[in-house]
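Spelled out from the first residue to the last, the chains are:
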Amino acid sequence: MEGRQSRQQQRGDECGRSAGALPSQAVRLVSVAVTLAGPVAALPPPSGVDLVPVLTSTPFGAVGGQSVTHTILVSATGTGNATGVRLTFSTTVGLDGVAVSASQGHCSVVDTAAVVCELGVVDFPNADAAPPKVTITGTVKPGIPRGTLVQNLVKVASEPPDADVSNNAATNAYLIPGLGGSPTSRPDVARSSDRAGRRPGYLVPATAAVLALGALASFILFRRRSW
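Residues numbered from 1 in each chain as written. Predicted model: local features only at pLDDT ≥ 70, side-chain atom pairs only at ≥ 80, totals over all residues. Heavy atoms only, no water.

J.: I'd like to hear about the nonpolar core, residue by residue, with values.
T.: Grouped together as the largest cluster of nonpolar side chains are 19 residues, with contacts concentrated most on Leu51, Ile72, Leu87, Leu119 and Val134. Within the residue set of this core, elements represented by two or more residues are β1 (50–58), β2 (67–77), β3 (80–91), β6 (114–124), β7 (133–140) and β8 (149–157). Counting residues per element, this core draws most heavily on β6, which supplies five residues. Here Ile72 is in contact with Val54, Leu55, Leu87, Phe89, Pro132, Lys133, Val134, Ile136 and Val154, once residues within four sequence places are set aside. Counting residues in each nonpolar core, the second largest holds eight residues, with Val68, Val93, Tyr174 and Ile176 among its members. (Core = buried A, V, L, I, M, F, W, Y, C linked by side-chain atoms within 4.5 Å. Buried < 20%, exposed > 50% of the residue type's maximum accessible area, 1.4 Å probe, protein only. Helix = DSSP H or I, 4+ residues; strand = E, 2+ residues; numbered from the N terminus. Contact = heavy atoms within 4.5 Å.)

Printed below as a string of structure tokens:
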């Protein structure tokens, strides 16, 4: 009896050790699986604010010697703030008497064709909030030839970059009314003038034929009267 009880107790101890080993083995298996799978990727942060400049030039199509006002609104999609916001304006035709003002930050006139504004931190609490505004005034340089391309360009940037940098520019463009150069310099006009200044070569033989026919008719009429 004592030998049987001893063997049963030994079997129970072995079962207990086996049962206790199962959780530790499962933990090791899970640990190995996690190691093979690699680190879990963190979820991307929210998209944040997307800066979108809006450019309005009044009057649009200003010619040399005419005053013009460029108004720039730094709008955005989404709510939050953008830091280190910089705005640059450039034009292909310079302005005389350039002046610039901004609703926040500070601006400087680089030259007659460029302006830079440091707007700093721009908050966009909701869609109804007034966006930052930059106003640039000046007079289009006089003596601009007709047909000259006038292109106005605005760019905004932030640090760190906003959610979508593909729409961080706005532009408008037009040609100074009229065509460049004098009319006589146009090839098609020159060819027209050449054609108008020449007499067609067929006029001389045509005149001779008319005279010959007239002489023949006179001869026939004379012969009839003779008969």
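J.: Residues and numbers for the state of the cysteines, please.
T.: Here the structure, examined in full by the defined rule, presents one disulfide. A sulfur-sulfur distance of 2.0 Å marks the disulfide that ties Cys107 to Cys117. On the S-S bond that ties Cys107 to Cys117, the torsion sits near 110 degrees, and the link is right-handed. In this pair, Cys107 sits in strand β5 (residues 106–111) while Cys117 sits in strand β6, placing the two residues ten residues apart along the sequence. For Cys117, a relative accessible area of 0% gives the class buried. (Disulfide = S-S within 2.5 Å.)

J.: Describe the pattern of salt bridges, listing the residues and the values that go with them.
T.: Taken as a whole and assessed by the stated rule, the structure comprises two salt bridges. In this structure, Arg86 engages Glu118 in a salt bridge whose closest nitrogen and oxygen atoms are separated by 2.5 Å. With a gap of 32 residues between them, Arg86 in strand β3 and Glu118 in strand β6 connect regions that are remote in the sequence. Assessed through its relative accessible area of 43%, Arg86 is described here as partly exposed. In this structure Glu118 comes out as partly exposed when scored by relative accessible area, which is 26%. (Salt bridge = Lys/Arg side-chain N within 4 Å of Asp/Glu carboxyl O.)

J.: Account for the sheet that holds strand β4 (residues 95–102), with residues named and values stated.
T.: Read across the open sheet, the four strands follow the order β1-β2-β7-β4; overall the sheet is antiparallel. One side of each edge strand has no neighbouring strand; the edge strands of this open sheet are β1 and β4. The sheet shows a mean angle of 15 degrees between the axes of neighbouring strands, direction not considered. Looking at chain direction, β4 and β7 are connected through six bridges and run antiparallel. Bridging across to β7, Asp96 finds its partner in Thr139. (Pairing = 2+ DSSP bridges. Axes fitted to C-alpha atoms, helices over the stretch in contact; angles between N-to-C directions.)

J.: Describe in detail the sheet that holds strand β9 (residues 169–175), supporting the description with residues and values.
T.: The strands that make up a sheet pair up through hydrogen bonds in the backbone, lying either parallel or antiparallel. Strands sit in the order β5-β6-β3-β8-β9 across an open sheet of five strands; the sheet is antiparallel. Only two strands of the sheet have a single neighbouring strand rather than two, namely β5 and β9. Direction aside, the axes of adjacent strands within the sheet are offset by 15 degrees on average. Looking at chain direction, β3 and β6 are connected through nine bridges and run antiparallel. Considered in β6, the bridge of Leu87 is made with Cys117.

J.: So what about empty space enclosed by the protein? Which residues, and what values?
T.: Applying the stated rule across the entire model yields one cavity of 30 Å³ or more. For the largest cavity, the calculated volume is near 80 Å³. Taken together, 14 residues form the lining of the largest cavity, with Val68, His70, Val150, Asn152 and Tyr174 sitting closest to its centre. Elements that contribute at least two residues to the lining of the largest cavity include exactly β2 and β8. Looking at the lining of the largest cavity residue by residue, the class counts come to nine nonpolar, five polar and no charged. (1 Å grid on protein atoms, 1.4 Å probe; cavity = no way out; pocket = protein on both sides within 12 Å on 5 of 7 lines; lining within 4 Å. Points joined across faces, edges and corners; volume = space filled by probe spheres on them. Nonpolar A, V, L, I, M, F, W, Y, C, P; charged D, E, K, R; others polar.)

J.: Describe the packing of aromatic side chains, naming the residues involved and giving the relevant values.
T.: The tally for this structure, following the rule as stated, stands at one aromatic pair. With a centroid separation of 5.2 Å and an interplanar angle of 70 degrees, the aromatic rings of Phe60 and Tyr174 are classed as edge-to-face. On the criterion of sequence distance, the pair formed by Phe60 in the loop between β1 and β2 and Tyr174 in strand β9 is long-range, its members being 114 residues apart. (Phe/Tyr/Trp six-rings, centres within 6.5 Å; stacked < 30°, edge-to-face > 60°.)

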